[in-house]
Amino acid sequence: MIKFFLMVNKQGQTRLSRYYEHVEVNKRTVLEAEVIKNCLSRSKDECSFVEYKDFKLVYRQYAALFIVVGIDQTENEMAVYELIHNFVEVLDKYFSRVGCVMFNDYEMRSSEIRDQNITNGCLFSLQSELDIMFNLDRVHIILDEMVLNGCIVETNRNRILAPLFVLDKVAEG
């Protein structure tokens, strides 16, 4: 079961948090600080799965954003790792400026990767963090369509985005 879902930037500022188990507000800030410190301090060569207290952390870095998911011992780490990527792909589809360009089959020098801000197979515009901050309600809707009460319930991008497209049409009309 998923216990929490966090999105933080490289400065350690939380941009999105969703808890699926009750955690008091003061404990949330301490938990987030410790989790962020653990993930940000790891090198890119280290595994993206971390044992932490009574649960596991699964995280991925996309440009300047880290997505960290806390899970219990029974949850499949690889499924959550793919959930994170699917979440980013859904964001990409909804916010066209997030722009993900796959380069797995294309060999690039590390200087090119660093210059173009490419991480984990994706090229992100600098606009993506602003999209998330100024459309946090939409990002929460996307996450809520994918995860319900800590369980992954939907992975199909079109079905995830359908309610948002309806809301957008209502807002226009």
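Residues numbered from 1 in each chain as written. Predicted model: local features only at pLDDT ≥ 70, side-chain atom pairs only at ≥ 80, totals over all residues. Heavy atoms only, no water.

(A) Focus on the overall build of the chain. From N to C terminus, the chain includes six helices and nine strands. Evaluated residue by residue, the chain yields a buried proportion of 43% over its 173 residues. Taking the contacts inside the chain whose residues are at least 6 apart along the sequence as the reference set, 53% of them involve residues at least 24 apart. For the chain, the accessible area works out to roughly 9700 Å², and carbon and sulfur atoms hold 51% of it. (Helix = DSSP H or I, 4+ residues; strand = E, 2+ residues; numbered from the N terminus. Buried < 20%, exposed > 50% of the residue type's maximum accessible area, 1.4 Å probe, protein only. Contact = heavy atoms within 4.5 Å. Areas by Shrake-Rupley, 256 points an atom, 1.4 Å probe, with all protein chains shown as cover.)

(B) Structural detail: the sheet that holds strand S5 (residues 65-71). Strand order in the open sheet formed by five strands is S2-S1-S5-S4-S3, and the pairing between neighbours is antiparallel. Strand pairing shows two members of the sheet lacking a second neighbour, strand S2 (14-19) and strand S3 (49-52), which therefore form its edges. Direction aside, neighbouring strands of the sheet carry axes that sit 20° apart on average. Bridge analysis of strand S4 (residues 55-62) against S5 gives seven bridges, and the strand direction is antiparallel. Residue pairing for S5: tyrosine 59 is matched across the bridge by valine 68. Each of strand S1 (2-9), S2, S3, S4 and S5 touches helix H2 (residues 77-94); the most contacted strand, S4, lies at about 35° to it. (Pairing = 2+ DSSP bridges. Axes fitted to C-alpha atoms, helices over the stretch in contact; angles between N-to-C directions.)

(C) Summary view of helix H1 (residues 25-40). For H1, spanning 16 residues, the distance from its first C-alpha to its last is 22 Å, which sits close to the expected 22 Å at 1.5 Å a residue. Turning to H1, its buried residues are Leu31, Glu32, Val35, Ile36 and Cys39. End-on, the buried residues of H1 take up no more than an arc of 125°, which puts them together on one face. What points out from H1, more than 90 degrees from its buried face, is the exposed set Asn26, Lys27 and Lys37. Summarising the contacts, the buried residues of H1 are in contact with S1, S2, S3, S4 and S5. (Expected span 1.5 Å × (residues − 1). Arc of directions from axis to C-beta.)

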